[in-house]
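# Summary of structural features
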Amino acid sequence: MAAFAAAIAGAFTASAGAGSVSADPSVVLGAASGIVFDNDSGCSLTAIGHDSAGRLVGITAGHCASTGARVGAEQALHAGVIGTVAYSDDGEYLDFAVLQLDAAKVIPVRTIGQTTVAGIGAAPGPGATVCSDGRTSGRSCGVVWGELEGTSINQYCSQPGDSGGPVVVGDQLVGMNQGRLVGLGPVDFDIPCTGGANPIHSPAYFQPIQVILDALNRAGGVGAGFQPV
């Protein structure tokens with residue numbers, strides 16, 4: 001992680017120097033893209049789109065970074081700062097953050113790898129299959145077990161860095177990956193996921209995306225009226 005932190009710190013520093021880095025208009029971002037912050041954390045983008053005011057915005061997990069943090073693209077550190085965290089609940093509420101992105105640097109796309117987000121869907125019930133995609137594990141799918149304290153419990157793979165990644169059914173965004181369960185009360189079942197192809201691991205959980213979008217709409221400001229590209 002030290003090398004990663006040094007790389008992004010260097011990119012942020014360079015981008016702040018007068019004339020030291022030119023604007024890069026070709027930072028491609030979409031759901032599941034890796035994003036980094038100036039608190040040395042790395043997470044995954046849930047979705048990218050525009051809010052009702054026409055701003056280019058992204059959504060990710062709130063525990064990734066606090067309000068005001070600067071954002072970089074993991075695969076394009078040379079571009080420096082590509083946005084800021086306009087709001088984060090720091091993981092204390094629904095665990096989401098909204099990013100205001102620099103439209104002069106970022107090209108928003110619907111498809112990254114195997115994941116396409118073409119619209120917003122309702123969270124599926126028990127027995128349905130959902131797929132998630134993240135910067136660490138890549139794409140994996142698993143059955144939905146049920147609900148726990150408002151989140152949906154399921155069996156896709158989630159590792160550190162996958163937080164914020166999209167949860168989809170087909171090309172419809174239904175949730176935001178927020179981590180994996182390591183126990184329930186006195187019962188410990190901490191079995192880490194080793195990759196998307198291995199189904200033997202502790203279950204993961206996601207927040208239904210419509211719950212997050214409703215909260216953004218109630219708050220107003222950056223992110224309100226979000227629609228994916």
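Residues numbered from 1 in each chain as written. Predicted model: local features only at pLDDT ≥ 70, side-chain atom pairs only at ≥ 80, totals over all residues. Heavy atoms only, no water.

### Considerations on the pairing of strand β17 (residues 172-180)
The element β17 is largely enclosed, with a buried count of 7 among its 9 residues. Two elements, strand β12 (residues 119-120) and β17, share 2 bridges in a ladder whose sense is parallel. For isoleucine 120, the partnering residue across the bridge sits in β17 and is leucine 173. Inspection of the sheet shows strand β16 (residues 166-169) paired to β17 by 4 bridges, in the antiparallel sense. The residue of β17 that forms the bridge with proline 166 is methionine 176. Here β16 folds back onto β17 in antiparallel fashion, the turn holding 2 residues, of which glycine 170 has a positive phi close to 65 degrees. Of the pairings in the sheet, the one linking β17 to strand β20 (residues 204-208) comprises 5 bridges and is antiparallel in character. Across the sheet, methionine 176 pairs through a bridge with glutamine 207, a residue of β20. (Buried < 20%, exposed > 50% of the residue type's maximum accessible area, 1.4 Å probe, protein only. Helix = DSSP H or I, 4+ residues; strand = E, 2+ residues; numbered from the N terminus. Pairing = 2+ DSSP bridges.)

### A short note on unusual backbone geometry
Phi is positive for aspartate 95, close to 65 degrees, though the residue is something other than glycine. You can see aspartate 95 is positioned in the loop between β7 (83-88) and β8 (97-101). By relative accessible area, which is 10% here, aspartate 95 ends up buried. A positive phi angle is found at glutamate 149, which is not glycine, with a value near 50 degrees. By the element assignment, glutamate 149 lies in the loop between β14 (138-148) and β15 (151-154). On the basis of relative accessibility, which here comes to 78%, the residue glutamate 149 falls in the exposed class.

### Description of the sheet that holds β7
In space, the 8 strands of this open sheet follow the order β3-β2-β6-β7-β8-β5-β4-β21, with antiparallel pairing throughout. Strands with a single pairing partner mark the edges of an open sheet, and in this sheet they are β3 (42-44) and β21 (227-228). Bridge count between strand β2 (residues 34-37) and β3: 3 bridges; the pairing is antiparallel. Residue pairing in the sheet places valine 36 in a bridge with glycine 42 of β3.

### Concerning the environment of isoleucine 107
As for its placement among the helices and strands, isoleucine 107 is situated in strand β9 (residues 106-108). Counting along the chain gives 80 residues from isoleucine 107 to valine 27, while the straight-line C-alpha distance between them is 5.8 Å.

### Some remarks on the side chain of serine 41
As for its placement among the helices and strands, serine 41 is situated in the loop between β2 and β3. A residue is classified by how much of its surface remains accessible, and serine 41, at 17% relative accessible area, is buried.

### Describing the confidence of the model for the protein
On average, residues of the protein carry a pLDDT of 90, and 89% of them reach 70 or more. Scored below 50 in pLDDT, residues 15-21 makes 7 contacts in the model with residues more than four places away or belonging to other chains. (pLDDT = per-residue confidence, 0-100. Contact = heavy atoms within 4.5 Å.)

### A look at the state of the cysteines
One covalent bond between the sulfur atoms of two cysteine residues makes up a disulfide. Tallied over the full model, the rule gives 3 disulfides. Residue pairing for cysteine 157: its cysteine sulfur links by disulfide to cysteine 193, the two sulfurs lying 1.8 Å apart. Between cysteine 157 and cysteine 193, the disulfide has an S-S torsion of -115 degrees and is therefore left-handed. Taken together, the positions of cysteine 157 in the loop between β15 and β16 and cysteine 193 in the loop between β19 (187-188) and β20 put the pair 36 residues apart, joining distant regions of the chain. When sorted by exposure, cysteine 157 lands in the same class as cysteine 193, which is buried. Disulfide connectivity for the protein, with bonded cysteines indexed by sequence position, reads 1-2, 3-4, 5-6. (Disulfide = S-S within 2.5 Å.)

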